[in-house]
Amino acid sequence: MILFCILFGLLIGSFLNVCIYRIPLNQSIVYPPSHCPNCQTPLRPIDLIPVLSYFLSGRHCRYCGEVIASRYAIVESLTAFLFVWCFSVFGWTGETVSACVFVSFMVVITFIDYDHQLILDKVLIWFALAGVSIRYYLGSPSLLDMGLAALVGGGLLLIIAVLSRGGMGGGDVKFCFALGIWLGWPDILLALFLSFVIGGLAGVILLVFRLRGRKDMIPFGPFICLGAFLTLLYGRDILTWYFGLMR
Ligand SMILES: [Zn+2]
């Protein structure tokens, strides 16, 4: 079963690469078929095996010799790793399918935000629609909790965006609105809390080691993704533990 998760994750990861590369350029994600970005030669099945082709071809395009970015193999491996992680938490249930769809969006949003400092509306619309249908089908959160969490998530980020004057973008606001649908209430608050803690720590580390200057833009989307992912997997456990402490 783990092997199936890995193979399936690699395949989906391969498709996510196409999404990450093409969606910001307004290109279709289904046509034309994959080709080398340098020489445009259409890739043959042997070139399309996730990760393996990358190493078999010696990390160069077999047609023009151009170096292939390691990014493609990284995204494929990462997706496979995350799929296995979801499966190990939820087992053979609908929750695993839901979590895999969720992390696929997280991967696309993270890498597009990292490349372009943008969270695109057309990605978010599909993310929100998938959230409403999948979570409604699985029966939690309730529609009321979805709506409440979406309004609170989007609302809080909107306030922060206004107060930070551009430090937080409109994409982050819409992203947190859509996250509310997936996570429900009160999990959305936990996701935001975790994002800010992880993002804050990462910011401090980047500054201390001078990897980024004080004025450099650090996209916040990837941290929201990480906080949301941890909440999706462990949110119930963390909230139960926390409210247990308060009693
Ligand atoms: Zn080429």
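Residues numbered from 1 in each chain as written. Predicted model: local features only at pLDDT ≥ 70, side-chain atom pairs only at ≥ 80, totals over all residues. Heavy atoms only, no water.

Turning our attention to the overall build of the protein. In terms of helices and strands, the protein carries 9 helices and 0 strands. Ordering the α and β elements of the protein from the N terminus gives α-α-α-α-α-α-α-α-α. In terms of C-alpha radius of gyration, the protein reaches 19 Å, essentially the compact-globule figure of 18 Å for 247 residues. Partitioning the intrachain contacts of the protein with sequence separation of at least 6 by distance along the chain shows that 68% fall at a separation of at least 24. Just so you have it, the protein exposes about 13900 Å², and 71% of that area is on carbon and sulfur atoms. Measuring between centres, the 15 positive side-chain charges of the protein sit 6 Å from its 12 negative side-chain charges. (Helix = DSSP H or I, 4+ residues; strand = E, 2+ residues; numbered from the N terminus. Rg over C-alpha atoms; globule rule 2.2 N^0.38 Å. Contact = heavy atoms within 4.5 Å. Areas by Shrake-Rupley, 256 points an atom, 1.4 Å probe, with all protein chains shown as cover. Lys, Arg positive; Asp, Glu negative; His and termini not counted. Charge placed at Lys NZ, Arg CZ, Asp CG, Glu CD.)

Turning our attention to the UniProt feature "domain: Prepilin peptidase A24 N-terminal" (unreviewed entry) in the protein. As annotated by UniProt and renumbered to match this structure, "domain: Prepilin peptidase A24 N-terminal" (unreviewed entry) occupies residues 7-88. As annotated, residues 7-88 comprises 48% helix and 0% strand, and the C-alpha atoms at either end are separated by 15 Å. (UniProt positions renumbered as here; feature names shortened; annotations may be inferred.)

Two numbers describe how helix 6 (residues 143-164) lies on helix 8 (residues 187-208): the axes approach to 9 Å, and their chain directions differ by 30 degrees. The segment helix 6 lies against helix 8, with Ala149, Val152, Gly153, Leu156, Leu157 and Ile160 engaging Ile188, Leu189, Leu192 and Phe196. When the residues that make up the contact of helix 6 with helix 8 are grouped by side-chain class, the tally is 9 nonpolar, 1 polar and no charged. (Axes fitted to C-alpha atoms, helices over the stretch in contact; angles between N-to-C directions. Nonpolar A, V, L, I, M, F, W, Y, C, P; charged D, E, K, R; others polar.)

With that settled, the discussion passes to the packing of aromatic side chains. Evaluated as defined, the whole model comprises 14 aromatic pairs. Taking 6.0 Å as the distance between ring centres and 55 degrees as the angle between the ring planes, the aromatic pair formed by phenylalanine 127 and phenylalanine 175 counts as tilted. You can see phenylalanine 127 sitting in helix 5 (residues 121-138) and its partner phenylalanine 175 sitting in helix 7 (residues 170-183), a full 48 residues away along the chain. Residue classification places phenylalanine 175 among the buried positions, given a relative accessible area of 0%. Chaining the aromatic ring pairs together yields one cluster made of Phe102, Phe105, Phe127, Phe175 and Trp182. (Phe/Tyr/Trp six-rings, centres within 6.5 Å; stacked < 30°, edge-to-face > 60°. Buried < 20%, exposed > 50% of the residue type's maximum accessible area, 1.4 Å probe, protein only.)

Another aspect to go through is the UniProt feature "transmembrane region" (unreviewed entry) in the protein. The positions that UniProt labels "transmembrane region" (unreviewed entry) are, in the present scheme, residues 82-112, 119-138, 144-163, 175-208 and 220-243. Helix makes up 90% of residues 82-112 and strand 0%. Its end C-alpha atoms lie 18 Å apart. Secondary structure over residues 119-138 splits into 90% helix and 0% strand, and the C-alpha atoms at its two ends are 27 Å apart.

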